[in-house]
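# Observations on chain architecture
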Amino acid sequence: MLKIESKEQFEQDVLQSDKPVLVDFYADWCGPCQAIAPLLAEMAEEASDYEIAKVNIDAMPELAGEYRVVSIPALFVFRSGECINKGFGLMNRKEIEALLQG
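Residues numbered from 1 in each chain as written. Predicted model: local features only at pLDDT ≥ 70, side-chain atom pairs only at ≥ 80, totals over all residues. Heavy atoms only, no water.

## Observations concerning the nonpolar core
When a protein is soluble and globular, its nonpolar side chains tend to lie buried together. Operational definition: Working definition of a nonpolar core: buried Ala, Val, Leu, Ile, Met, Phe, Trp, Tyr and Cys residues. They are joined through side-chain atoms within 4.5 Å. Between buried and exposed lies partly exposed: a residue is buried under 20% and exposed over 50% of the maximum accessible area for its type, with that area taken using a 1.4 Å probe on protein chains only. A run of H or I in DSSP becomes a helix once it reaches four residues, and a run of E becomes a strand once it reaches two; helices and strands are each numbered from the N terminus. Whether two residues touch is decided by their heavy atoms; if any such pair falls within 4.5 Å, the residues are in contact.
Of all hydrophobic cores here, the largest spans 22 residues; its most connected members are F10, V14, V23, F25, V55, Y67 and V69. Mapped by element, the contributors of at least two residues to this core are α1 (7-15), β2 (21-26), β3 (51-56), α3 (61-66) and β4 (74-79). Top element by residues in this core is β2. It accounts for 4 residues. Among all residues touching V55, those that are not within four sequence positions of it are I4, F10, V23, D24, F25, Y26, M60 and L63. Listed in part, the 14 residues of the second largest apolar core include L22, L39, A44 and I96.

## Thoughts on the packing of helix α2 (residues 31-46) against helix α4 (residues 93-101)
This is how it is decided: Axis definition: a line fit to C-alpha positions, over the contact stretch in the case of helices; interaxial angles, taken between N-to-C directions, run 0 to 180 degrees. Note that the term roughly parallel is reserved for angles under 35 degrees, roughly antiparallel for angles over 145, roughly perpendicular for angles of 65 to 115, and oblique for everything else. Each crossing is labelled by how the near helix is turned from the far one, with a counterclockwise turn of less than a right angle marking it left-handed and a clockwise turn marking it right-handed. Throughout this entry, Asp, Glu, Lys and Arg are counted as charged residues, while Ala, Val, Leu, Ile, Met, Phe, Trp, Tyr, Cys and Pro are counted as nonpolar. The remaining residues, Gly among them, count as polar.
Their axes nearest at 11 Å, the elements α2 and α4 cross at an angle of 55 degrees. In this view, α2 runs oblique relative to α4, as classed from their interaxial angle. Of the two possible hands of crossing, α2 and α4 adopt the one that is right-handed. Facing I36, L39, L40, E42, M43 and E46 of α2, the residues of α4 in contact are R93, I96, E97 and L100. Tallied by class, the residues present in the contact of α2 with α4 amount to 6 nonpolar, no polar and 4 charged.

So, in structure tokens, the structure goes:
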């Protein structure tokens with residue numbers, strides 16, 4: 001799982017990725033974010049056709065603002081530099097996999 005810590009890293013690892021990237025916009029104080037984290041970690045370990053990245057909205061508020069993240073957890077799917085799908089709140093594996101399908 002990628003931990004995004006700069007705008008440059010986001011551009012390189014998410015927007016320029018050859019694979020779809022599921023970006024988890026989260027915060028450490030967010031209970032639902034903590035609840036979904038183990039599932040995302042498990043999916044990241046198993047994934048071969050997509051990547052999962054995490055963006056802490058408290059550490060990168062400008063990026064959260066740019067993508068209009070208004071509630072967390074917010075899962076955005078990027079493909080070829082474009083956001084193709086979004087999901088908000090606590091989701092199960094089937095719902096997350098459906099997001100990845102676009």
